[in-house]
Structure formats: C-alpha cells, structure tokens
Amino acid sequence: MSYQHEIPADAVWSFPVRADRLVRLTALGSDANASVLIVAADRVDRLNVPDTLKAQMSACVRTGLVLMSDRGFALATVVESTLEWHDCLVGIGDRDGVVVELAKYGLGEVDLHGSINFFSKVGIADDSRASMAYVPGHAVAGDSVVLRTAADLLIFVSTAAHPLSGLPAAGVSVEVSVAEGPGPEPLRDEAGRALEMTRRAAL
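None of these values were measured; they are calculated from a predicted model.

S.K.: In this structure, what is going on with the overall build of the protein chain? I would like to understand it.
M.R.: Counting secondary structure elements, the protein chain contains three helices and 12 strands. For the protein chain, the residues scored as buried account for 50% of the 203 residues in total. Partitioning the intrachain contacts of the protein chain with sequence separation of at least 6 by distance along the chain shows that 79% fall at a separation of at least 24. For the protein chain, the accessible area works out to roughly 9,400 Å², and carbon and sulfur atoms hold 52% of it.

S.K.: What's the story with the nonpolar core in this structure? I'm lost.
M.R.: A general tendency of soluble globular proteins is for nonpolar side chains to be buried together. Counting 37 residues, the largest nonpolar core has F15, L25, L67, F118 and F119 as its most contacted members. Formed by 10 residues, the second largest nonpolar core is a distinct cluster that contains V39, I92, L102 and L154.

S.K.: Explain the pattern of salt bridges here, please?
M.R.: Side chains bearing opposite charge may pair, as long as their charged atoms lie close to each other. Under the criterion given, the structure shown has nine salt bridges. Among the ionic pairs, R71 bridges to D45, the shortest N-O distance being 2.7 Å. Of the two residues, R71 is situated in the loop between strand 5 (66-68) and strand 6 (74-81) and D45 in the loop between strand 4 (34-40) and helix 1 (49-55); the sequence distance between them amounts to 26 residues. A relative accessible area of 46% places R71 in the partly exposed class. For E84, the salt bridge identified is with K121, shortest N-O distance 3.5 Å. Taken together, the positions of E84 in the loop between strand 6 and helix 2 (95-103) and K121 in the loop between strand 7 (116-118) and strand 8 (122-124) put the pair 37 residues apart, joining distant regions of the chain.

S.K.: Please clarify how the sheet that holds strand 2 (residues 12-17) should be interpreted in this entry.
M.R.: Strand pairs in the sheet, formed through backbone hydrogen bonds, run parallel or antiparallel to each other. With antiparallel pairing, the four strands of this open sheet are ordered in space as 2-11-4-7. Where the open sheet ends on each side, the last strands, each with one partner, are strand 2 and strand 7. Sheet twist, expressed as the mean angle between neighbouring strand axes with direction ignored, is 25°. Here six bridges tie strand 4 to strand 11 (residues 153-158), and the two strands are oriented antiparallel to one another. Counterpart to V36 in the pairing with strand 11 is V157. In this fold helix 2 packs onto strand 2, strand 4 and strand 11, with an angle of close to 35° to the strand it touches most, strand 2.

S.K.: I'm lost on the sheet that holds strand 6 in this one. Help?
M.R.: An order of 1-12-3-10-6-5 is seen for the six strands of this open sheet, with the pairing classed as antiparallel. With partners counted over all chains shown, the strands left at the sheet margins are strand 1 (3-7) and strand 5, one partner each. With strand direction ignored, the average angle separating the axes of adjacent strands in the sheet is 20°. One ladder, built from five bridges, connects strand 6 with strand 10 (residues 144-149); its direction is antiparallel. Across the sheet, residue V78 finds its bridge partner in strand 10, namely L147.

Conventions we followed
Residues numbered from 1 in each chain as written. Predicted model: local features only at pLDDT ≥ 70, side-chain atom pairs only at ≥ 80, totals over all residues. Heavy atoms only, no water. Helix = DSSP H or I, 4+ residues; strand = E, 2+ residues; numbered from the N terminus. Buried < 20%, exposed > 50% of the residue type's maximum accessible area, 1.4 Å probe, protein only. Contact = heavy atoms within 4.5 Å. Areas by Shrake-Rupley, 256 points an atom, 1.4 Å probe, with all protein chains shown as cover. Core = buried A, V, L, I, M, F, W, Y, C linked by side-chain atoms within 4.5 Å. Salt bridge = Lys/Arg side-chain N within 4 Å of Asp/Glu carboxyl O. Pairing = 2+ DSSP bridges. Axes fitted to C-alpha atoms, helices over the stretch in contact; angles between N-to-C directions.

Here it is, written out as structure tokens:
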C-alpha cells in the first residue's frame, strides 16, 4: 500500500491521484458518509452524475459502474464495494467546506457539480409526495468501496453527515488508501466505450 490517511469526521480533504490507481474508502463508524467530487487533473473533465446513471441504466452507484465525465470519458470505475447502493441523487452536505478546498486548486463555487455520497442510501418516504428519505443503518464500521482511476484526477472528499440524515450525531471518520491495481471489467458496452476513449486520449 503506497498511501493511507484518516479523514476526520466533519472534514473536507482532497488529493491528486494518478491514473491506474486503486482508491479505497473505508467507513470507520456506522452511518458514515463520504461525499466525493471528481475533477480531471487538467480541469477539463469532471464527474457528470446524470450521464453516468443514464448511460448505465442505474439510479445509484454500485460495483462495476464507470464514473463518466460530461464528455463521456471514464474517470474511475467502482471495482469493489461491500454495499450494493451509494447515493448520488442528493448532493453535498458541506458545500462551504468543499468550496474552500476547491480554492486550493484554483477552482470555486462554479465548479461544484453532482457528487456521490458513498456509504449512504436514500429511499422513498411514506408521504403523499413520495419524497426521498435517508436510510439509517445502511453502512457500518468496516464497509468499504474501491475506485480504480482511469485518468489523473483530483478527488475531493467531505465526511459531513448526509444532507437528509437528520441524525443528531456529527459525521464519521473515513479512511482513504491509494495503491496500484489491475484494471476493471466494465458491466455495459457504454462503460467500455468510455474507458476506451480515456485510454486513447492518454496516448
């Protein structure tokens, strides 16, 4: 393992990661939430959640899903997960903290985009509006998710509680580690094309 770091609860942290690396996030307590933004190191591409979900026929992030940019390039692939569902519909809880972290790289509020709330799940509330509702107890200590980067990236992580959690407790610490690892097998043809586009662009 080449790098390991514990992100404290209610903190925002960022790190540059080279292509072809495995990034593992591990929950260090129950109801952890890791809100993640992904931007290409050249600042041209960034995670596009709607396109990622639409192209791969999904309403959540799960193992095998390729995380795509707004140009259709693959940024990373979810290669392992102890959970079958990660929320990507609700957005970031600590917007102000993330904006401060973005500023370290010459980015700002205009660069905020759809995020993934790893370790969190939302369902349909029992109300007349069919509202989205946070599902408590979805993640426990030790749950993890692994991303394999397809390009050089900037990854931003907030450990603030999920925006819909309504929990009195603060956020939960999350451990991140980075290592080299093998490439993924895409679930769908659309994901395979995105990975191939990224490989060609790097030539």
